[in-house]
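# Coordinate inspection notes
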Amino acid sequence: STIQSFMSERQLLEALISKIHLIDPDVMLAHNLCGSVLEILLARINFYNVPHWSRIGRLKKNQFPQRKEQGGYTGSQWIPRMVTCGRLMVDTYVSSKELVKETNYDLGNLAQKQLKTPR
């Protein structure tokens, strides 16, 4: 694997979207994906008005979804679900909370306690 550098955050985001579109994964997996990772990523994409943002999912969309205060579409998960249509999102943070009894579900703590390995 190679390390790439970018002159701006916008270029980094464009490259990430391009890579996701190129690979076209069925499943995206991350720790705390649904909690904060995807929220932050989409907020930065929206802030920089990055083109082709809908390639994160499989449905082509022209307008970035906005939070709706009426009509039942509120909460932090609304925008990520709209953007990632067509891909399965797997959040190991949520899964670990369902399967393991711990007081701290940070990835480093789970690796140490469950796998006996430092992160």
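Residues numbered from 1 in each chain as written. Predicted model: local features only at pLDDT ≥ 70, side-chain atom pairs only at ≥ 80, totals over all residues. Heavy atoms only, no water.

A word on a nonpolar patch on the surface. Side chains of Val27, Leu29 and Leu88 sit close together on the surface and give an oily, nonpolar patch of about 290 Å² of accessible area. Residue placement: valine 27 occurs in strand β1 (residues 27–30). (Patch = residues over 30% accessible without salt bridge, like charges linked within 9 Å, V, L, I, M, F, W, Y side chains within 5 Å. Areas by Shrake-Rupley, 256 points an atom, 1.4 Å probe, with all protein chains shown as cover. Salt bridge = Lys/Arg side-chain N within 4 Å of Asp/Glu carboxyl O. Helix = DSSP H or I, 4+ residues; strand = E, 2+ residues; numbered from the N terminus.)

Once that is clear, we can look at the pattern of salt bridges. Applying the stated rule across the entire model yields five salt bridges. Among the charged side chains, a salt-bridge network with shared partners connects Asp24, Asp26, Arg58 and Arg87.

This next bit is on helix α5 (residues 107–115). Those residues of α5 lying buried are Asn109, Leu110 and Ala111. Those residues of α5 that are buried are in contact with α4 (92–99). Count one or two residues on from α5 and you reach lysine 116, which has phi positive near 55°. (Buried < 20%, exposed > 50% of the residue type's maximum accessible area, 1.4 Å probe, protein only. Contact = heavy atoms within 4.5 Å.)

Right, let's get into the packing of helix α1 (residues 9–23) against helix α2 (residues 33–47). Across the interface, α1 lies against α2 with an axial gap of 10 Å and an inter-helix angle of 115°. α2 is crossed by α1, and the crossing has left-handed handedness. Facing Glu9, Leu13, Leu16 and Ile17 of α1, the residues of α2 in contact are Leu41, Arg44 and Ile45. (Axes fitted to C-alpha atoms, helices over the stretch in contact; angles between N-to-C directions. Left-handed = near helix turned anticlockwise from the far one by under 90°.)

For soluble globular proteins, the rule of thumb is that nonpolar side chains tend to be buried together. The biggest cluster of nonpolar side chains holds 15 residues, and the ones touching the most others in it are Ile17, Leu42, Ile45, Trp53, Ile56, Phe64 and Val83. Of all elements in the fold, only α1, α2 and α3 (78–83) reach the threshold of two or more residues within this core. Among the elements that make up this core, the one with the highest residue count is α2 (four residues). (Core = buried A, V, L, I, M, F, W, Y, C linked by side-chain atoms within 4.5 Å.)

The subject of this paragraph is α2. Look at α2: 19 Å from first C-alpha to last across 15 residues, which is about the 21 Å you get at 1.5 Å a residue. Every buried residue of α2 is accounted for by Leu33, Leu38, Glu39, Leu42 and Ile45. Asparagine 49, located one to two residues past α2, shows a positive phi value of around 50°. (Expected span 1.5 Å × (residues − 1).)

Taking every second residue as pointing to the same face, the buried face of strand β2 (residues 88–91) carries Met89 and Asp91, while none of Leu88 and Val90 on the other face is buried. Here β1 runs beside β2; their pairing, made up of four bridges, is parallel. When the sheet's bridge partners are listed, alanine 30 is paired in β2 with aspartate 91. (Pairing = 2+ DSSP bridges.)

What follows covers the packing of aromatic side chains. Within the structure shown, the criterion is met by three aromatic pairs. Note on phenylalanine 47 and tyrosine 48: the rings are 5.0 Å apart at their centroids and 85° apart in plane angle, and the pair reads as edge-to-face. Both rings, one in tyrosine 93 and one in tyrosine 105, keep their centres 6.3 Å apart while their planes meet at 80°; by these two values the pair is edge-to-face. Linking tyrosine 93 in helix α4 with tyrosine 105 in the loop between α4 and α5, this pair joins segments that are 12 residues apart in sequence. Since its relative accessible area comes to 13%, tyrosine 105 is described here as buried. (Phe/Tyr/Trp six-rings, centres within 6.5 Å; stacked < 30°, edge-to-face > 60°.)

With respect to the helices, strands and loops of the structure, arginine 87 is situated in the loop between α3 and β2. When residues no more than four places from it in sequence are discounted, the contact partners of arginine 87 are Ile20, Asp24, Pro25, Asp26, Met28, Arg55, Ile56, Gly57 and Arg58.

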